[in-house]
Amino acid sequence: MAARSLGRGLGRLLGRLREGRAPRRAASGGSGSVPAAAPASYQALSAQAARDPAAFWGPLARDSLVWDAPYHTVCDCDLRGGRVGWFLGGQLNVSVNCLDQHVQKSPESIALIWERDEPGTEVRVTYRELLETTCRLANTLKRHGVRRGDRVAIYMPVSPLAVASMLACARIGAVHTVVFAGFSAESLAGRINDAKCKVVITFNQGLRGGRVVELKKVVDEAVKHCPTIQHVLVAHRTDSKVHMGDLDVPLEQEMAREDPVCTPESMGSEDMLFLLYTSGSTGTPKGLVHTQAGYLLYAALTHRLVFDYRPGDIFGCVADIGWITGHSYVVYGPLCNGATSVLFESTPVYPDAGRYWEMVQRLRISQFYGAPTAVRLLLKYGDSWVRKYDRSSLRTLGSVGEPINHEAWEWLHKVVGESRCTLVDTWWQTETGGICIAPRPSEEGAEILPGMAMRPFFGIIPVLMDEEGNVVEGCDVSGALCLSQAWPGMARTIYGDHQRFLDAYFRAYPGYYFTGDGALRTQGGYYQITGRMDDVINISGHRLGTAEIEDAMAAHPAVPETAVIGYPHDIKGEAAFAFIVLKDDAGDADVVMRELRATVASKIAKYAVPDQILVVKRLPKTRSGKVMRRLLKKIITGKAQDLGDTTTLEDPGVITEILSTYQKHRDKRAAAQ
Ligand code: WTA
């Protein structure tokens, strides 16, 4: 089938709407029509996507993606039962959509610019080269026993080979699970074992901020505990030799021997594309499952419309591919659209605080998409680091992962964007696959308010719920943020535990997807995210369950009890505060605290280590033994005078006790600073 760009697909839809004609029916299943003379406005398209999702998404999918076989049903979704299926009966290959279709038209256009750790050493990779690398890697995987449906772990920093690894899996119908290369061996092993991966792909070492990261050593440690792993494919980022054991395969050498052509597997729309582990409020991280067609369409369409991506733009999303932002807006969305996507390997302050903007100038970046935590850090260094570089190439700035405070928003808008660029605060989640609420798309010139995601994307219908589970109507109201209609990009299940998927997202409010976030609807019907309503915290944009940190600390023999609370932090957004109880014979508390920090780093990751640890005699508990974290949060956020209902406390005296210990700790910290 001829390759068609998303632009043309949407252009047609918009065109038809503009002319007041109904979009052509989907292959079947689309039943809606658009009223005569409907303007192609954001409102009209939103209304259509809400009223008749099949009629909206069907033609878009048909015209935008390259199919091997057409779908027969646009959507078969029932949120009450947590059932989500899109473009059923359709067959396609995601790597063909991201590579081959562009290679046919313009093989030499640039797919990736690898902005390596060392500034000024970027590497450009054309679509033709990326396809060839992907095929060689796909053939290497096949030669090492990876078949359709098998899981492959990717433990690699952002790099063309990491992208090729993802696409190689997609090409042969294998399922990738990228594990952020900052996670510890134990975290990596946990994910590999849950997914029962056959192969891990990694580098000998990584480079970040001028420092060497020993990736292969972490993998060696992890795979000792992973019986399903048959091979470790090791690529080289540095010249350093690493020990190669029985499982290890030198990746580049093997690839050089393979054919640069690999026939793509034809996949069903609802076959698994990837798993991505993320934290919930309880239990171990869950492997969210994203599938082929719906995910790809949603990532590509949001990439195009939220960021106003146009052909020729250089799209710079600085997220790591270990997170969903990297999946959707470094890899799948941009590549499906034939864009040039920047792969940022470094940190915002290496070699200095001008790194992002020097890169923007050198690469002529059109869209810059990053996390508020980096913005908060950079603004402290002052404006001169920004102003000394030419940012005239920038058109859109984007923020993701956590709430962006006013100061950071204003700085990004005024200083970085010279009050000229569109700034989009984008709200979404690993579970949603792509951006759900953002100021764009909208009518041209429509207002954008600071620090607000504002407008739902096409097909996203936000609903606010009160504590009793009633829908909250009107404006200037807040509640639990739910989405009432399925969209193509949403996760389909939790790998190996569909019941957990249903319990986590569809049980609290039957018939709705519950996001875990709270939100406010303002006058004008705009949405502002107020933050998580569960025990998930967001440290520097990294999502983490407080229970995971508690579990890691509980492994220490001297620590029978812990309670971890998130609290506001200037740069990180949130940080973790750990209350711990020590056994009588625990010995030196400072030593235990040091060990606890090391334990958390080795069991989860460095960023999960609590910023503050406080030893208390006991924790506040209900009579049934539940720790009242709510009270601890009040204490550390200076709201101890307003504790609310404490009648269920087993012993109210515990509060005065903890408060006085906390105040001493706080005064000591203040004196030390
Ligand atoms: C939070 C990241 C406020 C939110 C794409 C969500 C945000 C969680 C925003 C998902 C935003 C993400 N404003 N909060 N613009 N974007 N969040 O799965 O709490 O790593 O539930 O996906 O980050 O984090 P995740």
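On a predicted model such as this, the values are computed, not experimentally measured, just so you know.

1. Brief notes about the site of the ligand
Near the ligand you find 17 residues, and of these Asp-425, Thr-426, Thr-430, Asp-517 and Arg-543 are the closest. Measuring from an oxygen atom of the ligand, one finds a backbone N or O atom of Gly-401 at 3.1 Å. The separation between a nitrogen atom of the ligand and a polar main-chain atom of Glu-402 is 3.4 Å. Coverage of the ligand by the protein amounts to 95% of the 520 Å² it exposes when considered alone.

2. Observations concerning the packing of aromatic side chains
A full pass over the atoms with the stated rule returns 37 aromatic pairs. Taking 6.0 Å as the distance between ring centres and 50° as the angle between the ring planes, the aromatic pair formed by Trp-57 and Tyr-298 counts as tilted. Of this pair, Trp-57 sits in helix H3 (residues 53–64) while Tyr-298 is found in helix H10 (residues 293–306), placing the two residues 241 residues apart along the sequence. In this structure, Trp-57 and Tyr-298 share a single accessibility class: buried. Site record: aromatic cluster; members linked through ring pairs are Tyr-42, Phe-56, Trp-57, Trp-67, Tyr-71, Trp-86, Phe-87, Tyr-298, Phe-457 and Phe-458. The positively charged end of Arg-191 is found above the aromatic ring belonging to Phe-183, 4.2 Å away from the centroid.

3. Concerning helix H6 (residues 160–172)
Here H6 is 13 residues long and its end C-alpha atoms lie 18 Å apart, about the 18 Å a rise of 1.5 Å per residue gives. Across the 13 residues that make up H6, a large majority, 13, are buried. Just past H6, the residue Gly-173 takes up positive phi, approximately 80°.

4. Some points on the sheet that holds strand S22 (residues 471–472)
Pairing within the open sheet is antiparallel, and its 5 strands lie in the order S22-S21-S23-S25-S26. The sheet is open, and its two edges are formed by S22 and strand S26 (527–532), each paired on a single side. Pairing analysis gives 4 bridges linking strand S21 (residues 462–465) to strand S23 (residues 477–483), with the strands arranged antiparallel. For Val-463, the partnering residue across the bridge sits in S23 and is Cys-482.

5. What about the sheet that holds strand S24 (residues 493–494)?
Within the open sheet, the 8 strands sit side by side as S12-S11-S8-S6-S7-S14-S15-S24. Their pairing is mixed. Both outer strands of the open sheet, strand S12 (248–250) and S24, are each paired with one neighbouring strand and no more. Of the pairings in the sheet, the one linking strand S8 (residues 199–203) to strand S11 (residues 231–235) comprises 5 bridges and is parallel in character. The partner of Val-200 across the bridge, within S11, is Val-232.

6. Some thoughts on the state of the cysteines
Tallied over the full model, the rule gives 0 disulfides. Cys-317 forms no disulfide, and the closest cysteine sulfur to it belongs to Cys-98, at a distance of 15 Å. Relative accessible area serves as the criterion here: at 1%, Cys-317 is assigned to the buried category. Of the cysteine sulfurs around Cys-482, a residue in no disulfide, the closest is that of Cys-436, at 13 Å. What makes Cys-482 buried here is its relative accessible area of 0%.

What counts and what doesn't
- Residues numbered from 1 in each chain as written.
- Predicted model: local features only at pLDDT ≥ 70, side-chain atom pairs only at ≥ 80, totals over all residues.
- Heavy atoms only, no water.
- Near = heavy atom within 4 Å.
- Polar contact = N/O pair within 3.5 Å; in protein donor to acceptor, adjacent residues only side chain to side chain.
- Areas by Shrake-Rupley, 256 points an atom, 1.4 Å probe, with all protein chains shown as cover.
- Phe/Tyr/Trp six-rings, centres within 6.5 Å; stacked < 30°, edge-to-face > 60°.
- Helix = DSSP H or I, 4+ residues; strand = E, 2+ residues; numbered from the N terminus.
- Buried < 20%, exposed > 50% of the residue type's maximum accessible area, 1.4 Å probe, protein only.
- Lys NZ or Arg CZ within 6 Å of the ring centre and 35° of its normal.
- Expected span 1.5 Å × (residues − 1).
- Pairing = 2+ DSSP bridges.
- Disulfide = S-S within 2.5 Å.

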